[in-house]
Amino acid sequence: MTEMKPKLLIVEDDAGLQRQLRWAYDGYEIVSAANREEAIAAVRAEEPAVVTLDLGLPPDPDGTSEGFATLETILQLRPDTKVIVASGHGARESMLRAISLGAWDFYQKPIDIDTLGLIVARAFHVHALEAENRRLAERAEAGAVLGGMITGAPEMLKVTRTIERVAGADVSVMLLGASGTGKELLARGLHEASPRRKGGFVAINCAAIPETLLESELFGHEKGAFTGAVKTTEGKIELAHGGTLFLDEVGDIPLPLQVKLLRFLQERVIERIGSRKPISVDTRVVCATHQDLDAMVADGRFREDLYYRLAEIVVRIPSLAERPGDAGLLARHFLKKYAAAMNPAVRGFAPDALAAIDAWGWAGNVRELENRVKRAVIMADGKSVTAADLDLDTAADVEPINLKAIREMADRKAIRHALARAEGNISGTARLLGISRPTLYDLMKAYDLQP
């Protein structure tokens, strides 16, 4: 199989020079154009990684207006293209203007083939590195972590590894964590990682449904079982046959219904309301709550036998404040998501916004963060979201008294915040922290931190 050569577009109206460049670059697939229209058509059709562009194009070969217009259009069509411009007219002014418009590099005529060859080779190398970085970033966002969970915090990675280990075992799993920490996302990830992934994932929020309707929602009903029951309806448990049932806010299930749920978990059969016919159901149950079920069991508000049936495996999910660095990662993800749909002019966060995101306590966890970023994207006037757009005021953290613990905690938090802000780049992280790369490597090794 023949290896595909990288594509180089040569935009040059001098036919002799065009032939010379074609001969010099036999290591690339050469596409050529003699004017603006041909150049734009070639960019659309061939999508070259690198373009060499003569600014003096017809109909004004003695000027540069046509060349600059071509440069702007190429970068509008494909911003990642490396455009190397050439001109013999007002070299310094042309260079400054071309670079300000987004050109990657510049060379003066008359052309030195060897020098230009080095510039072109370097451009292809940088383009390939940037493309690989984008692929890695997209792969990470697309779900390198369980269920598409975006995290770099060891605390959360430990949770995802635990869920991955228990996904293959047919046991009930209870997810405990504050509201907005991503319990349903993790439940979906567990389902997708399990042998039941070909079956359905059925979710029900037990706190959102009135007590009088919850039994019908879970177990279904027969036609005529009660006023308004105009047809036989399957319940959520039955609909999840062969798959996973996610009971969110399970602590809100009333005591009488807890008895019926316990019978299903023990015998794996249900009876619809209005029917005495048992129906066998093969459904895995994953549940979640932000309440203290141990205290509810002690108070008699939750059945102890049901608790132990549901909590065969218990996974505790840390809050966003307990996951240093994750707030910045998630904020960037939400900004990219909502800016594309609501305000494309927004490109990123201002430094004060990143600092405020790191310092905020996030009582509402990921849900609060997402809502704030969404609102800020809508309200932002410029290209960068500020702390004022997020409506955040920084608050002092409560630190322990022990000096050694304070230093270690401060080091860990600072390194993880800096890693998140520098998007994992070690050199950038070291610059933010004001230390050398070897010192940073030593600290990361000591604290078992990964970029």
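Keep in mind it's a predicted model, so treat the numbers as computed, not measured.

Novice: Which residues make up the overall build of the protein, and what are the values?
Specialist: Secondary structure summary: the protein contains 19 helices and 16 strands in total. Computed over C-alpha atoms, the radius of gyration of the protein comes to 30 Å, more than 25% over the 22 Å expected from 2.2 N^0.38 for 451 residues, which places it beyond the range of a compact globule. Across its three principal axes, the protein shows a C-alpha extent of roughly 90 × 60 × 45 Å. Counting over 451 residues, the protein shows a buried share of 45%. Contacts in the protein between residues far apart in sequence, at least 24 positions, make up 66% of those at least 6 positions apart. For the protein, the exposed surface amounts to about 23,500 Å²; the carbon and sulfur share of it is 52%. Charged side chains of the protein number 56 positive and 64 negative; the gap between the two group centres comes to 5 Å.

Novice: For helix α13 (residues 326-342), give the residues involved together with the corresponding values.
Specialist: Compared with the 24 Å implied by 1.5 Å per residue over 17 residues, the 24 Å span of α13 between its first and last C-alpha is a close match. Those residues of α13 that sit buried are D326, A327, G328, L330, A331, F334, L335, Y338 and A339. Buried residues along α13 sit in contact with α6 (154-167), β15 (348-349), α14 (351-359), α15 (365-379) and β16 (384-385).

Novice: Please set out the packing of aromatic side chains residue by residue, giving values where relevant.
Specialist: A complete count under the given rule lists four aromatic pairs for this structure. Plain terms: the ring middles of Y28 and F124 are 4.6 Å apart, the flat faces sit at 20 degrees to each other, and that makes the pair stacked. With a gap of 96 residues between them, Y28 in the loop between α1 (15-24) and β2 (29-33) and F124 in helix α5 (residues 113-144) connect regions that are remote in the sequence. An angle of 20 degrees between the planes, with centres 6.2 Å apart, marks the rings of F201 and F246 as stacked. Of the two residues, F201 is situated in strand β7 (residues 201-205) and F246 in strand β10 (residues 244-248); the sequence distance between them amounts to 45 residues.

Rules used throughout
- Residues numbered from 1 in each chain as written.
- Predicted model: local features only at pLDDT ≥ 70, side-chain atom pairs only at ≥ 80, totals over all residues.
- Heavy atoms only, no water.
- Helix = DSSP H or I, 4+ residues; strand = E, 2+ residues; numbered from the N terminus.
- Rg over C-alpha atoms; globule rule 2.2 N^0.38 Å.
- Buried < 20%, exposed > 50% of the residue type's maximum accessible area, 1.4 Å probe, protein only.
- Contact = heavy atoms within 4.5 Å.
- Areas by Shrake-Rupley, 256 points an atom, 1.4 Å probe, with all protein chains shown as cover.
- Lys, Arg positive; Asp, Glu negative; His and termini not counted.
- Charge placed at Lys NZ, Arg CZ, Asp CG, Glu CD.
- Expected span 1.5 Å × (residues − 1).
- Phe/Tyr/Trp six-rings, centres within 6.5 Å; stacked < 30°, edge-to-face > 60°.

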